[in-house]
Amino acid sequence: TIQLTKSTNGGVTWSAPSTVTTAQQPNTPIRGSDQFRFFAILSAAVDPNNGALYVAWTDNRNFATNGTDVVYVKSTNGGTSWGPVTRLSHDPTGLVRDHITPMITVGADSKVHAFWLDRRLDAANHLFDDCRRSRRRLGEIKRAKHNMCSHRHRQVRQRLKSRKIGPFQLRF
């Protein structure tokens, strides 16, 4: 379960935890052939213009049909309610390729920037041989194309490190 607590006084006190959604934690290792342990972490961001909250994580809810996936939820009312769990990656469903470790931030233009590791180019679904990035207004019907990462991933990582999520704290 992903929960949210909120402070309105600079962190002196915090609200009781409220449920954001239920996450399906991936196995560790994700695949029997993987040689690493895996634990999903949350990434959260706040839209600087309208206060919308975003939470992204690695999830196994469609493991049999899509593999391990990267998903997000959005709240437009300060975390009182949340939209449906939605895939960040928009490669074809029904093709078992793992995606892990999403990181998100929201730009001054209210576009959500997302970055994750991806196995879509490996037919054996063994190597994380790719990373993907996406820049779009999440929730729009027309999805923006996402691209393989290049040298720009360093700039995205710097932006993610400096992003504060305001008076919110999220946890599994």
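Look above for the structure.
Let me begin by describing the structure that accompanies this report. (Residues numbered from 1 in each chain as written. Predicted model: local features only at pLDDT ≥ 70, side-chain atom pairs only at ≥ 80, totals over all residues. Heavy atoms only, no water.)

### Digging into the overall build of the protein
Broken down by element type, the protein carries two helices and eleven strands. Each helix and strand of the protein, ordered N terminal to C terminal, gives the series β-β-β-β-α-β-β-β-β-β-β-α-β. The proportion of buried residues among the 172 residues of the protein is 43%. Contacts in the protein between residues far apart in sequence, at least 24 positions, make up 50% of those at least 6 positions apart. (Helix = DSSP H or I, 4+ residues; strand = E, 2+ residues; numbered from the N terminus. Buried < 20%, exposed > 50% of the residue type's maximum accessible area, 1.4 Å probe, protein only. Contact = heavy atoms within 4.5 Å.)

### Some words on the pairing of strand 3 (residues 43-46)
Along strand 3, one buried face is formed by Ser-43 and Ala-45 and the opposite face, lined by Ala-44 and Val-46, is buried too. In the sheet, strand 3 pairs with strand 4 (residues 53-59) via four bridges, with the strands oriented antiparallel. Within the sheet, the bridge partner assigned to Ala-44 lies in strand 4 and is Val-55. Joining the antiparallel neighbours strand 3 and strand 4 is a turn of six residues, in which Gly-51 adopts a positive phi near 75°. (Pairing = 2+ DSSP bridges.)

### What to know about empty space enclosed by the protein
Tallied over the entire structure, the rule returns two cavities of 30 Å³ or more. Lining the second largest cavity, in full, are Asp-59, Arg-61, Asn-62, Gly-67, Asp-69, Val-71 and Arg-87. Looking at the lining of the second largest cavity residue by residue, the classes come out as one nonpolar, two polar and four charged. (1 Å grid on protein atoms, 1.4 Å probe; cavity = no way out; pocket = protein on both sides within 12 Å on 5 of 7 lines; lining within 4 Å. Points joined across faces, edges and corners; volume = space filled by probe spheres on them. Nonpolar A, V, L, I, M, F, W, Y, C, P; charged D, E, K, R; others polar.)

### A look at the sheet that holds strand 3
Pairing between the strands of a sheet is mediated by backbone hydrogen bonds and can be parallel or antiparallel. Spatial strand order, 3-4-5-6: four strands in an open sheet with antiparallel pairing. Each edge of the sheet is formed by a strand with only one pairing partner; in this case those strands are strand 3 and strand 6 (86-87).

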